[in-house]
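# Analysis of the macromolecular model
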Amino acid sequence: MSRTPLMAGNWKMNLNHQEAVVLVQKLAWTLNDKKHDYAKAEVVVVPPFTDIRTVQTLVDGDQLSIAYGAQDVSAHESGAYTGEVSAGMLAKLGCSYVVVGHSERREYHQESDALVNAKAKAALGAGMTPIVCVGEPLPVRQEGQQVTYTLAQLDGSLAGFSAEQVGGLVVAYEPVWAIGTGEVATPDDAQEVCAAIRGRVREVHGDAAADAVRVLYGGSVKAANVGGIMAKADVDGCLVGGASLQADEFGGICRFY
Ligand code: PEP
């Protein structure tokens, strides 16, 4: 079964709303460059909360074929949760995707699988697609336990989801040691864990969900290394951090074939 490749650019805590305009305009220009065929990949930008309204205005106004999302979401619907942003608020701004369980949230904000699960449910409940991040830290990789560790995170993060919900999800395998370090996983490393993720979905939710769920790789992806990673059967796209801040580089990643 063919799955539409997805290239998502996580801007992290970079770019104010004016800088966001420049990047999205440059990216749109790059994506519309008729010399290149980008039609195969769905392109998503994931700006900080403060840029989302600006990105929405640009995307809607110029009818850009770029989707956008948020880097996090509250597990709560509304109320006395100072500093949090609800799924309903993000959906109202036209977000299609929400990243949940990024390793930086898990590490710096002690987010557990249970909280990631609740956030993913909140995103789904508001009609958005969660991009559920999983992946092992360096010591776990050094012990050769990356599959066991990552599948345990997956099980916890997707607990209680129906097969239909899982089929519509995006799971991003992001080994922590490869994020922002310049040390990219080899295509075979990426394939090993992405295949294991799809295998676990097949085991728990059946063939239809396993064949439909999109599994991304993330960790120091660049235009120069994306081709080998995307050639792997179980890698359906990439979650890109640093390289998504440069329109040419991210454009090159979207042109991976
Ligand atoms: C990320 O933040 O999800 C990420 C993969 O970052 P980078 O591409 O910079 O390694």
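By convention here, each chain's residues receive numbers from 1 onward along its written sequence. Where local features are concerned, this predicted model is filtered to residues with pLDDT of at least 70; where side-chain atom pairs are given and counted, the filter is 80 or more; whole-chain, interface and lining totals use all residues.

### Brief notes about the nonpolar core
In globular proteins that are soluble, nonpolar side chains generally tend to be buried together. Under the convention used in this document: Any nonpolar core is a set of buried residues, restricted to Ala, Val, Leu, Ile, Met, Phe, Trp, Tyr and Cys, that join up through C-beta atoms within 7 Å. Every C-beta atom is placed from the backbone, and the number of other C-beta atoms within 10 Å of a residue's own sets its class: buried at 20 or more, exposed at 12 or fewer, partly exposed in between. It is the C-beta atoms, placed from the backbone, that decide contacts: two residues are in contact if theirs lie within 7 Å.
With 77 residues, the main nonpolar core has V98, I131, V132, V171 and Y173 as its most contacted residues. Setting aside residues no more than four positions away along its own chain, V171 makes contact with V132, V134, L154, I197, V213 and V215.

### Focus on the packing of helix α5 (residues 113-125) against helix α7 (residues 146-157)
Where we set the bar: Geometry is summarised by axes, namely lines fitted to C-alpha atoms with helices restricted to the contacting stretch, and by angles between N-to-C directions that run from 0 to 180 degrees. Comment: elements are numbered from the N terminus, with helices defined as DSSP H or I runs of at least four residues and strands as E runs of at least two. Throughout, the term roughly parallel applies to angles under 35 degrees, roughly antiparallel to angles over 145, roughly perpendicular to angles from 65 to 115, and oblique to all others. Rotating anticlockwise by less than a right angle from the far helix to the near helix defines a left-handed crossing, while the corresponding clockwise rotation defines a right-handed one. Side-chain classes are defined by residue name, with Ala, Val, Leu, Ile, Met, Phe, Trp, Tyr, Cys and Pro counting as nonpolar, Asp, Glu, Lys and Arg as charged, and the others, Gly among them, as polar.
The contact between α5 and α7 brings their axes to 7 Å, and the two run at 50 degrees. The angle between α5 and α7 falls in the class oblique. As α5 runs across α7, the sense of the crossing is right-handed. Contact residues: α5 offers D113, A114, V116, N117 and A120, while α7 offers Q153, G156 and S157. Residues that form the contact of α5 with α7 fall into these classes: three nonpolar, four polar and one charged.

### So, the site of the ligand
The condition is simple: Each residue receives a C-beta atom built from its backbone; the residue is near a molecule or strand if that atom lies within 6 Å of it.
Neighbouring residues of the ligand: 14 residues in total, closest I179, G180, G218, G241 and G242. Classifying every residue of the shell around the ligand gives five nonpolar, seven polar and two charged.

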